[in-house]
Amino acid sequence: QVQLLESGGGLVQAGGSLRLSCTASGSISSINIMGWYRQAPGKQRNLVAVISSDGVAHYGDSVRGRFTISRDNAKNTVDLQMNTLEVEDTAVYYCSALATAQTMKVPANYWGQGTQVTVSG
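None of the values given here were measured: they were computed from a predicted structure. (Residues numbered from 1 in each chain as written. Predicted model: local features only at pLDDT ≥ 70, side-chain atom pairs only at ≥ 80, totals over all residues. Heavy atoms only, no water.)

Caption draft 1: Structural detail: the nonpolar core. Counting 32 residues, the largest nonpolar core has W36, L80, M82 and Y93 as the members making the most contacts within it. When residues of this core are traced back to their parent elements, those giving at least two are β1 (2–7), β3 (18–26), β4 (28–39), β5 (46–52), β7 (67–72), β8 (77–82), β9 (91–101) and β11 (115–120). (Core = buried A, V, L, I, M, F, W, Y, C linked by side-chain atoms within 4.5 Å. Buried < 20%, exposed > 50% of the residue type's maximum accessible area, 1.4 Å probe, protein only. Helix = DSSP H or I, 4+ residues; strand = E, 2+ residues; numbered from the N terminus.)

Pasting the structure below:
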């Protein structure tokens, strides 16, 4: 019903930058919140940043001041600009959307497949 497709992951040196993008597609009625989570090997999935439909953003403590989330409601996209990357940022990054499909009456949480970000020291 709702599909999320991420792009932009890769390998970068510490101190460098990467930009992740995510596009939501399918039979979408509305999208409330879009955002990014990440999961490092052997660890739980944690919040990176989320943004509401009216542009209010919330960041995880470890990325605040280095990462910036943005959203284009007309295109159903959310981007994550990651600057001053650290080795500890290495993880699989997952796009997330709290969205209502056209066939549903209530919103549900959807996830992308994930994109690998590796930061070398």
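More follows now that the structure is in view.
Caption draft 2: The arrangement of the state of the cysteines in detail. Applying the stated rule across the entire model yields one disulfide. Each sulfur of the disulfide joining C22 and C95 lies 2.0 Å from the other. Across the S-S bond of C22 and C95 the torsion is about -85 degrees, and the bridge reads as left-handed. Here C22, found in strand β3, pairs with C95, found in strand β9; they are 73 residues apart in sequence, far enough to count as distant. In this structure, C22 and C95 share a single accessibility class: buried. (Disulfide = S-S within 2.5 Å.)

Caption draft 3: Seen up close, the sheet that holds β8. Read from one edge to the other, the open sheet built from four strands follows the order β1-β3-β8-β7, with strand pairing classed as antiparallel. Because the sheet does not close on itself, it has two edges, and the strands there are β1 and β7. Within this sheet the neighbouring strands show an average axis-to-axis angle of 15 degrees, counted without direction. By the bridge criterion, six bridges tie β1 to β3 in an arrangement that is antiparallel. (Pairing = 2+ DSSP bridges. Axes fitted to C-alpha atoms, helices over the stretch in contact; angles between N-to-C directions.)

Caption draft 4: Quick look at the pairing of β9. Burial runs high along β9: nine of the eleven residues are buried. Pairing between β4 and β9: ten bridges, direction antiparallel. Following the sheet pairing, I31 is matched in β9 by A99. Sheet topology note: the β9/β11 ladder contains three bridges and is antiparallel. Bridge assignment links Y93 to a residue of β11, and that residue is T115. The sheet contact formed by β9 and strand β10 (residues 108–111) spans four bridges and is antiparallel. The residue of β10 that forms the bridge with A97 is Y110.

Caption draft 5: Spotlight on the pattern of salt bridges. What the rule picks out here adds up to five salt bridges. Close ionic contact of R64 with D61 constitutes a salt bridge, the shortest N to O distance being 3.0 Å. Judged by its relative accessible area of 65%, D61 is exposed. Notably, a salt bridge pairs R66 with D89, separated by 2.8 Å at the nearest N-O pair. One end of the pair, R66, is in the loop between β6 (57–59) and β7; the other, D89, is in the loop between β8 and β9, with 23 residues separating them in the sequence. Across this residue pair, the class does not change: R66 and D89 are buried. If you follow the salt bridges from partner to partner, you end up with R38, R66, E86 and D89 in one network. (Salt bridge = Lys/Arg side-chain N within 4 Å of Asp/Glu carboxyl O.)

By themselves, these figures tell us nothing about what the structure is for.
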